[in-house]
Amino acid sequence: MRIMDSSRTTTKASSLRWKILRQALLPSRNDDQSQMDAMRISRRTTNGFNLIPSFISDDIGNEGAAGLILSQGSDRRRDRRLCYTLPIDGAPKLFLKQRTDDVADLDDFKICNKYDIDNTGLVCHWPSEDVLAYFCLLHSDLFRCKRVIELGSGYGLAGLVIAASTEASEVVITDGNPQVVEYIQHNIAINPKAFGGTRVDSLTLHWNQEDVSNISGSFDIIVASDCTFFKEYHRGLARMIKLLRRNESSEAIFFSPKRGDSLVKFLEEIKANGLHFSVTEEYDAEVWKQHEKFSNGDDSWPGYEKDHCYPLLVRITL
């Protein structure tokens, strides 16, 4: 979230965010001022860049695919199955179970505190993930016969797209939130025919965890989207990239908006770890076209702002 026009208000962004949270948890009264404050906070748009079209396929209900169900703490009334149609000939459709938008749950925050993680992976499917998935789809040769890991994946769209369309030898889809990893496990299970000969696994991976001996030095390509916002995780994330790379030719492909100085600070950590990076602004004609449309005030993304919404391509090497 961000303040859309700081010149119009002196209220801190953090205060407005807490008002929204209070409204979600305690919707006991009609507070016109709170409603107005909430409207000044921009949220993720419904469709994002809309590079990989999707639609709600059906309600999840008592999903029984592959005999896998979510934990007892999960409320299936909040879940929907979305069908993603990959925009290339012969590509399979992908089904992802996701939470519905605008849902807050106190149990989510308890788990965040317990595992020292954030809750963003459960909130929604973020636009940068869509851009990452689209980029990987169009550059499938980069991943052929490679071992790939996605960090901070949320529901796992990009990792699943890589597994379904690039002939990677293995794709490991990870997140630090065990709740999110349950969704990833389920999404792998409900797409059993989509991956051909590619092995696909899920893993709970916190960037600050000390022991990663089971996967260190294992991957040719590391991918992630919008994972540089929280500065307290920068050091752990940079360290994890260095530990996971397989050899000197391994690289990390990140898509991240600037978000103030967050991306700059992360790249400082990358440099401190002896790694090199390049940043590209115009990396795809279609993504740039969408960006210009939103920048000119397209109503499908109200409050669009380049610094917070447009993901830059960051490539990290030894």
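Each remark here, short or long, concerns the structure printed above.
Scoring rules and cut-offs
- Residues numbered from 1 in each chain as written.
- Predicted model: local features only at pLDDT ≥ 70, side-chain atom pairs only at ≥ 80, totals over all residues.
- Heavy atoms only, no water.
- Pairing = 2+ DSSP bridges.
- Helix = DSSP H or I, 4+ residues; strand = E, 2+ residues; numbered from the N terminus.
- Right-handed = clockwise from strand over helix to strand, strands pointing away.
- Salt bridge = Lys/Arg side-chain N within 4 Å of Asp/Glu carboxyl O.
- Buried < 20%, exposed > 50% of the residue type's maximum accessible area, 1.4 Å probe, protein only.
- Polar contact = N/O pair within 3.5 Å; in protein donor to acceptor, adjacent residues only side chain to side chain.
- Contact = heavy atoms within 4.5 Å.
- Axes fitted to C-alpha atoms, helices over the stretch in contact; angles between N-to-C directions.
- Parallel < 35°, antiparallel > 145°, perpendicular 65-115°, else oblique.
- Left-handed = near helix turned anticlockwise from the far one by under 90°.
- Nonpolar A, V, L, I, M, F, W, Y, C, P; charged D, E, K, R; others polar.
- Phe/Tyr/Trp six-rings, centres within 6.5 Å; stacked < 30°, edge-to-face > 60°.
- Lys NZ or Arg CZ within 6 Å of the ring centre and 35° of its normal.

Let's talk about the pairing of strand β8 (residues 199-204)
Inspection of the sheet shows strand β7 (residues 170-175) paired to β8 by 6 bridges, in the parallel sense. Bridging from a neighbouring strand, Ile-173 pairs with Ser-202 of β8. Since β7 and β8 lie parallel, the crossover through helix α7 (residues 178-189) that links them has a hand, and here it is right-handed.

Some details on the pattern of salt bridges
With the rule as written, the count across this model stands at 11 salt bridges. Between Arg-144 and Asp-141 there is a salt bridge, with the nearest N and O atoms lying 2.6 Å from each other. Arg-144 sits in the partly exposed class, given a relative accessible area of 33%. Put simply, Lys-306 and Glu-281 hold a salt bridge, and the shortest N to O gap is 2.4 Å. With a gap of 25 residues between them, Lys-306 in helix α11 (residues 306-309) and Glu-281 in the loop between β11 (276-280) and α10 (285-295) connect regions that are remote in the sequence.

A word on the side chain of Thr-166
In this structure, Thr-166 sits in the loop between α6 (157-165) and β7. Here Thr-166 falls in the buried class, since its relative accessible area comes to 0%. Of the polar contacts made by the side chain of Thr-166, one reaches the backbone oxygen of Ile-162; its length is 2.6 Å. The residues touching Thr-166, leaving out its near neighbours within four places in the chain, are Cys-136, Ser-140, Phe-143, Arg-144 and Val-161.

Observations concerning the packing of helix α5 (residues 127-138) against α6
The N-to-C vectors of α5 and α6 enclose an angle of 15 degrees; their axes lie 8 Å apart at closest approach. In this view, α5 runs roughly parallel relative to α6, as classed from their interaxial angle. Both α5 and α6 take part in a crossing whose hand is right-handed. Packed against α5, whose contacting residues are Glu-129, Asp-130, Leu-132, Ala-133, Cys-136 and Leu-137, the element α6 presents Leu-157, Ala-158, Val-161, Ile-162 and Ser-165 at the interface. Here the contact of α5 with α6 is composed, by residue class, of 8 nonpolar, 1 polar and 2 charged.

Observations concerning the environment of Asp-118
For Asp-118, the location among the structural elements is in the loop between α3 (106-115) and α4 (120-123). The spatial distance from the C-alpha of Asp-118 to the C-alpha of Gly-176 is 8.5 Å, given a sequence separation of 58 residues. Not counting residues within four places of it along the chain, the set of residues in contact with Asp-118 comprises Cys-112, Asn-177, Phe-230 and Tyr-233.

As for the packing of aromatic side chains
Taken as a whole and judged by the stated rule, the model has 15 aromatic pairs. When the ring of Phe-230 is compared with that of Tyr-233, the centres are 6.1 Å apart and the planes differ by 70 degrees; the resulting orientation is edge-to-face. Overall, Phe-230 belongs to the partly exposed group, its relative accessible area being 26%. Owing to a relative accessible area of 9%, Tyr-233 belongs among the buried residues under this scheme. The rings of Phe-135, Phe-255, Tyr-283, Trp-288 and Tyr-310 are connected pair by pair, giving a single aromatic cluster. Over the ring of Phe-95 we find Arg-81; its NZ or CZ atom is 5.7 Å from the centre of that ring.

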